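# Summary of structural features
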Amino acid sequence: MLTKATQNDFQALVQLYHAVADDMNAHGLSQWHWGQYPNEGLIQSDLDAQTLYVLRENGTILLAVAIDTTPEEVYQSVNWLFGTRPGSFHRLAVAPEAQGKGLGRKVLPEIFDILRGLGCDCLRCDTHIDNARALHLYESVGMRRSGAVYYPGEGDDKPFPTLEMPLTDDCPLLPLTMHPAFRGGKLTPWGGEKLRTVYGKPIAEVPTGESLEVSCIPGLESVDDAGVKLPDLIAKYGAAFAGKYAEGTFPLLLKLIDASESLSVQVHPDDAYAAREENGKLGKTEAWLILDAPEGSQLVYGIRPGTTLDELRAACEQGAAVEPLLRRVDVKPGDVCFIPAGCVHAIGAGIMLYEIQQSSDVTYRFYDWDRVDAQGNRRELHLKKALDVTDLSFSLDPIPAPETPVARVLDETYFTLDLFRVTDAPAELPAVADFGLLTALDGELTLRWNGGEKLLRRGESLYLPSRGVTLTLHGQGRAALSQPR
């Protein structure tokens, strides 16, 4: 049983930590170096703070550990998922002669109980990247790798993976920064390099047209700091993470798009057609928020009124003859365009935009401006399916940028879209039911909640879990929040 160490244990503790550090070094582990870390001053500080606990056997200290509620300063940069009242344990040391007997596993539940008694709802800790035994132990009891921190001058400057776990059944889940997958090269010949130059995205090739910010598309999943894919996070953390969407198909896909050239003229099916013709996939209703657009930018947004399906079919079969039938609209930064399934559309050259859509990769191309690749090949078209799903009645107009600090600009069948313009006063985000997707569009913003905050980089997207916290945006800048309906 763990008990608090006393000043009378000082010399025994010095001997224990010295022996454990030497044993690490003898086995090629550079995590600790006695005198540097740990050292006598650190042990004395733990004793003074009454945070040092020991396990004794026949009066001999076999294990020592510091348990407290004061997080390491470097923890502020970690992409934590759990809790607003964290506790930690540090410097878990097992005497060399007692190692391999399961003492670490034995005391972990006691550590958790002590932290609960201190009012903690979650645990946060770290260990050296080469400490395979500790990593295996921590993960085997349910801890999640959340990222890594560095302690300059310690552990040969190697990373220290951070781990965490909830300690209470009602532990809230925090906003989780997601890292995107990318579509580029031949898949997006119309793309450019602004995802890197404007938003700092680590694209691997030019052109790259799409940053899939929050995605469950197979092969293009977004990941957390530890490289865990979004579908795996949903499967592991269930309804607390994704509400009613913890089961079944994840409903939304969030992208940032860089259109250096005009995209093909295309249309998307609804759910019924996609289920029937595309092996059970979702249809695709989507919306665009224009982030940047040169003066005079235009979108293709529907078919000219009065055009019949036979006229459209005949024009498509001729290629460029379809161009006069396309309805074009002017757009500027801040405009929002709702694009239901069946609406013919195309992004114009030079436009960057935010796209929220159903989680589907089904697209039918009408026309690709007669472009050819370096080998003289044209992109595949899908005229029959495109004509099958086209709805000629759509004649929508862009929604201008709202003038209010907080505005719900879309409340549609599949998703909502809220826009925030933060200046002097903070903006409170609406409550999240199942999950939310928050993207910082520009400026300098900080997301805050009781017990924590996160600085947001331009173009960064966060996943907001179902069992979350009340969130407010501070600073100067714009953000967008999408949620499923």
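Here is a short report on the structure shown in this document. (Residues numbered from 1 in each chain as written. Predicted model: local features only at pLDDT ≥ 70, side-chain atom pairs only at ≥ 80, totals over all residues. Heavy atoms only, no water.)

### Observations concerning the pattern of salt bridges
- Using the criterion set out here, one finds 30 salt bridges in the structure.
- A salt bridge links D130 to K158; the nearest nitrogen and oxygen atoms lie 2.7 Å apart. Pair noted here: D130 is in the loop between β5 (122-126) and α4 (132-140) and K158 is in the loop between β6 (144-149) and β7 (160-166), with a separation of 28 residues, a long-range link.
- Under the relative-accessibility criterion, D130 is labelled partly exposed at 37%.
- The exposure class of K158 is partly exposed, given its relative accessible area of 34%.
- A salt bridge links D370 to R378; its shortest N-O distance comes to 3.5 Å. (Salt bridge = Lys/Arg side-chain N within 4 Å of Asp/Glu carboxyl O. Helix = DSSP H or I, 4+ residues; strand = E, 2+ residues; numbered from the N terminus. Buried < 20%, exposed > 50% of the residue type's maximum accessible area, 1.4 Å probe, protein only.)

### Some thoughts on the nonpolar core
- Ranked by size, the top nonpolar core spans 62 residues in total, and within it L230, F241, L299, I347, Y354 and Y463 carry the most contacts.
- Here I347 is in contact with I257, A259, S262, L263, W288, L299 and L353, once residues within four sequence places are set aside.
- If you look at the next biggest cluster of nonpolar residues, it comprises 50 residues, including L13, L47, I67 and L123. (Core = buried A, V, L, I, M, F, W, Y, C linked by side-chain atoms within 4.5 Å. Contact = heavy atoms within 4.5 Å.)

### So, the packing of helix α1 (residues 10-26) against helix α2 (residues 40-49)
- It is at 10 Å that the axes of α1 and α2 come closest, and there the two elements cross at 130°. Taken together, the axis directions place α1 and α2 in an arrangement best described as oblique. The interaxial crossing formed by α1 with α2 has right-handed handedness. When α1 is examined against α2, the residues F10, L13, V14 and Y17 are found in contact with a partner set consisting of E40, I43, Q44 and L47.
- Among the residues forming the contact of α1 with α2, the class breakdown is six nonpolar, one polar and one charged. (Axes fitted to C-alpha atoms, helices over the stretch in contact; angles between N-to-C directions. Parallel < 35°, antiparallel > 145°, perpendicular 65-115°, else oblique. Left-handed = near helix turned anticlockwise from the far one by under 90°. Nonpolar A, V, L, I, M, F, W, Y, C, P; charged D, E, K, R; others polar.)

### Quick notes on the environment of E380
- By secondary structure assignment, the location of E380 is in the loop between β19 (364-367) and α9 (383-389).
- Each C-alpha atom of the pair E380 and P38 lies 64 Å from the other, and the pair is 342 residues apart in sequence.

### Some points on the packing of helix α3 (residues 103-117) against α4
- Contact pair α3 / α4: the axes reach a minimum separation of 11 Å and the direction vectors enclose 40°. When the interaxial angle is binned, α3 and α4 end up oblique. Helix-helix and strand crossings are classified by hand; for α3 and α4 the assignment is right-handed. Of the residues in α4, those in contact with G104, R105 and L108 of α3 are L137, Y138 and S140.

### Looking at the sheet that holds strand β4 (residues 86-94)
- Spatially, the seven strands line up as an open sheet ordered β1-β2-β3-β4-β5-β7-β6, and their pairing is mixed. Pairing within the sheet leaves two strands with one partner each, and these edge strands are β1 (3-4) and β6.
- Where β5 lies against β7, five bridges are found, and the strand directions are antiparallel. Each bridged residue has a counterpart across the sheet, and for R124 the counterpart in β7 is E164. (Pairing = 2+ DSSP bridges.)

### What to know about helix α6 (residues 230-242)
- When the terminal C-alpha atoms of α6 are compared, their 10 Å separation across 13 residues is substantially less than the 18 Å that a helix rising 1.5 Å per residue should span.
- Of all the bends in α6, the largest measures some 90° and sits at K236.
- For α6, every residue scored as buried is listed here: L230, L233, I234, Y237, G238, A240, F241 and A242.
- Tucked into the core, α6 has its buried residues touching β6, β8 (176-178), β10 (208-214) and β25 (461-464).
- Directly after α6, the chain includes G243, whose backbone phi takes a positive value near 55°. (Expected span 1.5 Å × (residues − 1). Bend = angle between axes of the 7 residues up to and from the residue.)

### Things to note about the sheet that holds strand β11 (residues 252-259)
- With antiparallel pairing, the six strands of this open sheet are ordered in space as β9-β10-β11-β18-β13-β16. Lying at the two open borders of the sheet, with one neighbouring strand each, are β9 (181-184) and β16 (336-339). On average, each strand axis in the sheet is tilted by 20° relative to the strand beside it, whichever way the strands run.

### Considerations on the layout of surface pockets
- In this model, the largest pocket occupies a volume close to 850 Å³.
- Surrounding the largest pocket, 37 residues form its lining, M24, L92, N131, A134 and Y138 being those nearest its centre.
- Those elements that provide at least two residues to the lining of the largest pocket are α1, β4, α3 and α4.
- When its residues are assigned to classes, the lining of the largest pocket shows 18 nonpolar, ten polar and nine charged. (1 Å grid on protein atoms, 1.4 Å probe; cavity = no way out; pocket = protein on both sides within 12 Å on 5 of 7 lines; lining within 4 Å. Points joined across faces, edges and corners; volume = space filled by probe spheres on them.)

### Comments concerning unusual backbone geometry
- Residue P38 is reached from Y37 by a cis peptide bond, and omega for that bond is -5°.
- You can see P38 is positioned in the loop between α1 and α2.
- A cis amide bond links V206 with the next residue in sequence, P207, at an omega value of 10°.
- Its location among the elements puts P207 in the loop between α5 (194-197) and β10.
- For N58, which is not glycine, the phi torsion reads 55° and is therefore positive.
- Turning to its location among the elements, N58 is positioned in the loop between β2 (52-57) and β3 (60-68).
- The phi torsion at N279 lies on the positive side, around 60°, for a residue other than glycine.
- For N279, the position within the fold is in the loop between α7 (271-277) and β13 (286-292).
- Judged by its relative accessible area of 80%, N279 is exposed.

Functional significance is not addressed by these values, which are geometric in nature.
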